Amino acid sequence: MTRLREAWYIGLWDSLPLLRDPMILILLSLVSFLPVFFLFIFMGAEQALPALVGAVVLSLAFVGMGVAQSVYFNKHWFRFQDVLVASPVSPLSYAFGLALSTLIAASPALALSFVILLLSKPVGLLAFLAVIAVSLLMWLAMVFIGYVIGLTTKNTRRANSIPQVLGFLLGFLPPVYYPLSMLPGFLQPVAMLVPSTHAAQLAKYYFGMIPLSSAEILIGWAYMAGFVALMAALTLRKARWVDP
Amino acid sequence: MDVIEVAGLGKTYPGGTEALKDVSFRVAKGEVFCLLGRNGAGKTTLLRVLATQLRPTAGRATVFGQEVVGGAKAIRQRIAVLPQEARPQMMLSAFDHVRLMCLIRGMSRADAARRTEQVLRQFDLWEHKDKLCADLSGGLRQRVLLCMALIADPDLLFLDEPTIGLDPMGRRQVWAAVRRLTETGVTVLLTTHYMDEAEKLANRLAIIEKGRLTFLGTVDEAKAKAGVGMRLIVEAPGGNGNSREVLHPSSNEEILRVVERAIREGLKVTFQPPSLEEAFIHIVGGSIDDEAS
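Throughout what follows, the structure given in this document is the object of discussion. (Residues numbered from 1 in each chain as written. Chains lettered and ligands numbered in written order. Predicted model: local features only at pLDDT ≥ 70, side-chain atom pairs only at ≥ 80, totals over all residues.)

As for its placement among the helices and strands, Ser161 of chain A is situated in helix α8 (residues 156–172). Along the primary structure Ser161 of chain A and Pro211 of chain A are separated by 50 residues, whereas in three dimensions their C-alpha atoms are 37 Å apart. (Helix = DSSP H or I, 4+ residues; strand = E, 2+ residues; numbered from the N terminus.)

Hydrogen bonds between backbone atoms are what pair the strands of a sheet, whose relative direction is either parallel or antiparallel. Residue and element names in this part refer to chain B. Read from one edge to the other, the open sheet built from 4 strands follows the order β2-β1-β4-β5, with strand pairing classed as antiparallel. The two strands at the open ends of the sheet, each matched to only one other strand, are β2 (18–27) and β5 (66–67). In this structure, strand β1 (residues 4–12) lies alongside β2, joined through 6 bridges in antiparallel fashion. Bridge pairing in β2 places Thr12 opposite Glu18. (Pairing = 2+ DSSP bridges.)

Another point: unusual backbone geometry. Even without a glycine there, the phi angle at Arg79 of chain A is positive, about 60°. Counting through the fold element by element, Arg79 of chain A comes out in the loop between α4 (67–77) and α5 (80–85).

All names here are of chain B. Taking 1.5 Å as the rise per residue, helix α4 (residues 109–122) with 14 residues should run 20 Å; its terminal C-alpha atoms sit 20 Å apart, in good agreement. For α4, the complete set of buried residues consists of Ala112, Arg115, Thr116, Val119 and Leu120. Along α4, the residues classed as buried sweep out an arc of 125° about the axis, all on the same side. In α4, the exposed positions that point more than 90 degrees away from the buried face belong to Ala110, Asp111 and Arg121. Phi for Asp124, located one or two positions after α4, is positive at around 55°. (Expected span 1.5 Å × (residues − 1). Buried ≥ 20, exposed ≤ 12 C-beta atoms within 10 Å, placed from the backbone. Arc of directions from axis to C-beta.)

It is worth spelling out the sheet that holds strand β12 (residues 245–247) of chain B at this point. Residues and elements named next belong to chain B. Sheet architecture is open: 3 strands sit in the order β12-β11-β13, paired in antiparallel fashion. The strands lining the two open edges of the sheet, one partner per strand, are β12 and β13 (268–272). When strand polarity is set aside, the average angle formed by the axes of neighbouring strands in this sheet is 20°. With 3 bridges connecting them, strand β11 (residues 231–235) and β12 associate as antiparallel partners. Looking at the pairing, Leu232 lines up with Leu247 of β12. (Axes fitted to C-alpha atoms, helices over the stretch in contact; angles between N-to-C directions.)

These figures come from the coordinates and say nothing about function on their own.
As structure tokens, then:
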């Protein structure tokens with residue numbers, strides 16, 4: 001309980017500046033939802049709805065990767081990590097707190113998008129929970145990638161640019177906003193290597209927008225879980241509470 | 001028992017840079033111990049090792065009888081740190097900073113609010129409590145960071161250049177706070193570039209040069225070691241400084257003779273006590289000369 005409390009207040013410390021700056025929150029929301037807007041304008045609601053599911057999954061992924069900046073700035077700029085190392089605060093609370101701060105910052109945009117999605121395409125509770133779960137797995141994977149970036153970067157510009165470039169590669173290029181079937185055949189297996197493809201496919205399936213076989217569903221979940229585990233292992237390898 | 005015991009401590013960074021070499025000293029309870037040295041001398045490395053933020057690679061260091069590596073958990077219950085070049089969050093207020101730190105360190109909401117008010121008032125920040133740090137001056141921001149370190153009532157406080165960027169009043173407030181803390185038995189280890197600060201605060205000091213301890217003792221001992229004594233400046237009253245004579249008397253009799261001569265000839269005599277800065281330059285300069293030869 002003590003550790004959860006620590007994590008909550010560390011999360012608040014990290015996210016409160018964002019929550020106090022509505023423009024940043026609007027920007028965070030816009031990044032993943034902008035393609036949906038254009039799809040709606042040019043292709044109509046039919047095409048925009050699956051893209052909205054993709055945007056929900058991605059908005060969590062984008063904020064998850066934002067942990068890279070939190071890790072970097074709290075270590076090298078604010079020196080907040082050093083303050084906490086020399087205190088009884090646990091490193092796990094710190095790590096969890098920074099991850100939590102991304103969720104806190106994303107919560108207004110997420111709440112709004114889920115409301116829009118559920119109003120446009122009502123689904124059962126189990127399907128809804130499955131979409132939440134797949135979104136959280138995607139978020140967790142991106143949080144771990146963010147940690148690795150934040151821990152290994154010693155340059156302010158890179159701490160800002162690498163997550164954005166990776167966000168583009170993992171978010172906008174793979175079939176998240178558009179159907180997998182639109183990709184040429186030889187690129188489809190390549191797209192399946194990207195975790196956001198699996199996350200978007202599963203979320204669209206649970207919203208009843210695309211059909212998936214049992215094997216595809218199982219592979220999707222297994223791939224997501226495996227990717228999270230791999231990123232977690234990489235983070236644990238790189239993470240340092242006390243400097244070497 | 002000494003609060004800090006360091007014996008043969010060494011630190012070589014993974015890249016091969018040797019930041020500390022065979023450093024040994026002790027710090028007693030309630031002492032203000034200053035680490036002096038040029039930029040990159042190893043002061044911050046030493047402070048960070050003792051504050052359990054950095055692993056040493058040689059020798060031994062204990063804080064409250066606990067090894068800094070094996071006993072870090074116990075040490076962290078009793079210390080607080082103000083890191084060098086720490087910065088506040090610009091979109092948080094002074095009150096947010098201190099209160100959130102209280103809550104992170106496990107205080108109840110009521111205790112956190114009470115402690116926050118107490119510390120902010122102590123540093124004359126209460127009137128600025130609701131201002132965002134973006135709207136505070138550099139000195140006030142530094143005070144906010146100091147308040148964050150002090151909320152924990154630590155037994156040992158590490159201050160890495162705590163008064164950098166503060167105006168003279170702000171510096172004096174920090175000095176007064178440090179003195180108040182030591183009166184209650186708190187031990188303070190601080191690094192500084194300001195020699196007047198070390199002179200005013202330090203019970204003992206260590207001068208570090210290129211990772212080695214080149215001096216350990218009191219301020220007076222540092223001046224004595226460097227051979228820096230009283231200076232007398234003799235000049236004509238209202239003179240432009242061209243006829244200025246700087247004397248280094250070696251005895252009281254010599255001082256008396258200079259004063260008598262000045263009275264006789266109607267000259268102005270200025271007594272310039274030895275400064276730590278001169279001693280520091282002598283000691284550090286000496287160590288550079290030693291290395292060159």
